[in-house]
Amino acid sequence: MRRSVAKVALAVLFASAVVGVAPPAVHPVSAGLAPTPPMGWNTWNRFGCDVGERMVREIADVMVASGMRDAGYTYLNLDDCWMARDRDERGRLVPDPVKFPHGLAPVADYVHERGLKFGVYADAGSKTCAGYPGSLGHEQVDARSFAEWGVDYLKYDNCNNDGSPAAERYATMGRALRESGRPIVFSICEWGHERPWEGWGRKAGGHLWRTTRDIADSWASWTALLDLQVGLEEHSGPNGWNDPDMLEVGNGGMAEHEDRAHFTMWALLNAPLIAGNDLRVMSPVTRGILLDRDVIAVNQDWGGKQGHRLHDDGEQEVWVKPMSDGSAAVVLFNRGLSDREIGITVDAVGLPSAAEYRVLDLWTKQQSTTTDELRARVPAHSVVAYRVWLT
């Protein structure tokens, strides 16, 4: 690959962060609540059960101040442990009176006033994973409560279930949400045991479905979950997304280059980008990863085609995602412990034959051209990510 000398001429043809791009094509999927993968923030990965009204308000404020909202992170979601240990005399869920002394409706209002949307957690069993009241057998009353409180997103877990088919239990809540009178994104957190991507997830009303067990803040965890996504790409698309679990970027368990690789691969997978770090104290490096517009654009491309693994040479891999404008996102991924040279021909990526191709390095923002190959020396536990167009 050689560096182009005509950078000004090339610039007009690059995506969002590059000056002079033509307006994006009209979005072809207008119906549905999740035409692109949901983006937002969730309490669990960083805070677990340590949640409360003050924290939610502070996170809402920093989602605006940090630029996350404007970058597309729309949902502020409570996970487990927000509710009291018992339902009220009418069988309704009750927000924990210590954690949420004013209830959830005022919290949702605060979130909405900042141009964000509000999400909560419930469980398709008798109890949540942390032992709070589950929604099995209470789907209608719980869905009405969510709608009354102003909830926009429900993460629905699978602990302490009765052993009945997940498709039936999730369909019951999906129907209750539709009948609640409020549009609510339905996140099926069934862990992939009964393969919701094969059809029943959409039939149950799901807009996204977990394909894996829970993620942990480590290189070994997220790369293991990445491997489970191979072959699932045909089942993901607008208003129905494969979900390999939330992001661990910025939580401290990985180095900067490992966080960057994690974020890049989740973007390429069309995974929901749900951050889980403490936004109030995130470093400039973490902020730069989470807010990178070019990488986010790969994830949010309206074509809705999930990236796939094209080449696997042991610890060196190449992943590709076709984009709606005819370009391709290409990731050279080094899972090994030493730097390695990784390359792939443009023909193998699937782009039509051309004398020359335009290339943008998504992280360094370097622009270049190539006639036949994408090649780079990729550091250990790192990625080099490109977007490639025909000239």
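Residues numbered from 1 in each chain as written. Predicted model: local features only at pLDDT ≥ 70, side-chain atom pairs only at ≥ 80, totals over all residues. Heavy atoms only, no water.

J.: Explanation requested: the overall build of the protein in the structure shown.
T.: On a plain count of helices and strands, the protein comes out with 13 helices and 16 strands. On C-alpha atoms alone, the protein measures out to a radius of gyration of 21 Å, which is about the 21 Å that the 2.2 N^0.38 rule sets for 391 residues. Taken over 391 residues, the protein has a buried fraction of 57%. In the protein, of all internal contacts separated by at least 6 residues, the share reaching a separation of at least 24 is 70%. Surface exposure of the protein reaches about 15400 Å², of which carbon and sulfur atoms provide 51%. Counting 40 positive and 52 negative side-chain charges, the protein places the centres of these two groups 3 Å from one another. (Helix = DSSP H or I, 4+ residues; strand = E, 2+ residues; numbered from the N terminus. Rg over C-alpha atoms; globule rule 2.2 N^0.38 Å. Buried < 20%, exposed > 50% of the residue type's maximum accessible area, 1.4 Å probe, protein only. Contact = heavy atoms within 4.5 Å. Areas by Shrake-Rupley, 256 points an atom, 1.4 Å probe, with all protein chains shown as cover. Lys, Arg positive; Asp, Glu negative; His and termini not counted. Charge placed at Lys NZ, Arg CZ, Asp CG, Glu CD.)

J.: I'm lost on the side chain of Glu 248 in this one. Help?
T.: Here Glu 248 shows up in the loop between β7 (241-243) and α10 (256-268). The side chain of Glu 248 sits in the buried core without any salt bridge; Arg 46 is the nearest counter-charge, 8.7 Å away. In this structure Glu 248 touches Asn 45, Ile 215, Ala 216, Asp 217, Met 254, Asp 259 and His 262, once residues within four positions along its chain are discounted. (Salt bridge = Lys/Arg side-chain N within 4 Å of Asp/Glu carboxyl O.)

J.: Explain the UniProt feature "domain: Alpha galactosidase C-terminal" (unreviewed entry) in the protein to me, please; I cannot follow it from the model alone.
T.: The residues that UniProt annotates with the feature "domain: Alpha galactosidase C-terminal" (unreviewed entry) are residues 313-388. Helix makes up 5% of residues 313-388 and strand 57%. Its end C-alpha atoms lie 22 Å apart. (UniProt positions renumbered as here; feature names shortened; annotations may be inferred.)

J.: I would appreciate a short explanation of the sheet that holds strand β11 (residues 328-334) in the present structure.
T.: Two orientations exist for strands paired in a sheet by backbone hydrogen bonds: parallel and antiparallel. Pairing is antiparallel across the open sheet formed by 6 strands, whose spatial order is β9-β10-β11-β16-β13-β14. Each edge of the open sheet carries a strand with a single partner, namely β9 (308-313) and β14 (367-370). Each neighbouring strand pair of the sheet contributes to a mean axis angle of 25°, computed without reference to strand direction. Relative to strand β16 (residues 382-390), β11 runs antiparallel, the two sharing 7 bridges. For Asn 334, the partnering residue across the bridge sits in β16 and is Ser 382. Contacts from α10 reach β10 (316-322), β11 and β16, with the element oriented near 40° to β16. (Pairing = 2+ DSSP bridges. Axes fitted to C-alpha atoms, helices over the stretch in contact; angles between N-to-C directions.)

J.: Any chance you could explain the sheet that holds strand β5 (residues 185-188) here in plain terms?
T.: Taken together, 8 strands build an open sheet; the order of strands is β7-β6-β5-β4-β3-β2-β1-β8 and the sheet is parallel. Only two strands of the sheet have a single neighbouring strand rather than two, namely β7 and β8 (273-275). Direction aside, neighbouring strands of the sheet carry axes that sit 25° apart on average. Bridge count for strand β1 (residues 39-42) against β8 is 3 bridges, and the pairing is parallel. By the bridge assignment for β8, Gly 40 is matched with Ile 274.

J.: What exactly am I supposed to notice about the packing of aromatic side chains here?
T.: Working definition: an aromatic ring pair is given by the centre-to-centre distance plus the angle between the planes. For the structure shown, the criterion picks out 13 aromatic pairs. Each ring, one from Tyr 75 and one from Tyr 153, has its centre 5.1 Å from the other, and the planes form 55°; the classification is tilted. Separated by 78 residues along the polypeptide, Tyr 75 in strand β2 (residues 75-77) and Tyr 153 in strand β4 (residues 153-157) bring together distant segments of the chain. Note on accessibility: Tyr 75 and Tyr 153 belong to one class, buried. Each member of the aromatic cluster is reached from another via a ring pair, and the members are Tyr 156, Tyr 170, Phe 186 and Trp 200. Stacked on the ring of Tyr 110, the Lys or Arg Arg 114 has its end atom at 3.4 Å from the ring centre. The residue whose ring lies beneath Arg 260 is Trp 363, and the NZ or CZ to ring-centre distance is 5.3 Å. (Phe/Tyr/Trp six-rings, centres within 6.5 Å; stacked < 30°, edge-to-face > 60°. Lys NZ or Arg CZ within 6 Å of the ring centre and 35° of its normal.)

J.: Explain the state of the cysteines to me, please; I cannot follow it from the model alone.
T.: For the structure on display, the rule yields 2 disulfides. Two residues, Cys 129 and Cys 159, share a disulfide whose sulfurs are 2.0 Å apart. Handedness of the Cys 129-Cys 159 disulfide follows from its S-S torsion of about 90°: it is right-handed. Linking Cys 129 in the loop between β3 (117-123) and α6 (139-149) with Cys 159 in the loop between β4 and α7 (166-179), this pair joins segments that are 30 residues apart in sequence. A relative accessible area of 40% places Cys 129 in the partly exposed class. Given a relative accessible area of 17%, Cys 159 falls into the buried group. If one numbers only the bonded cysteines of the protein, in the order they occur, the disulfide pattern is 1-2, 3-4. Note on Cys 189: no disulfide assigned, nearest cysteine sulfur contributed by Cys 129 at a separation of 7.1 Å. Note on Cys 189: relative accessible area 1%, which makes it buried. (Disulfide = S-S within 2.5 Å.)

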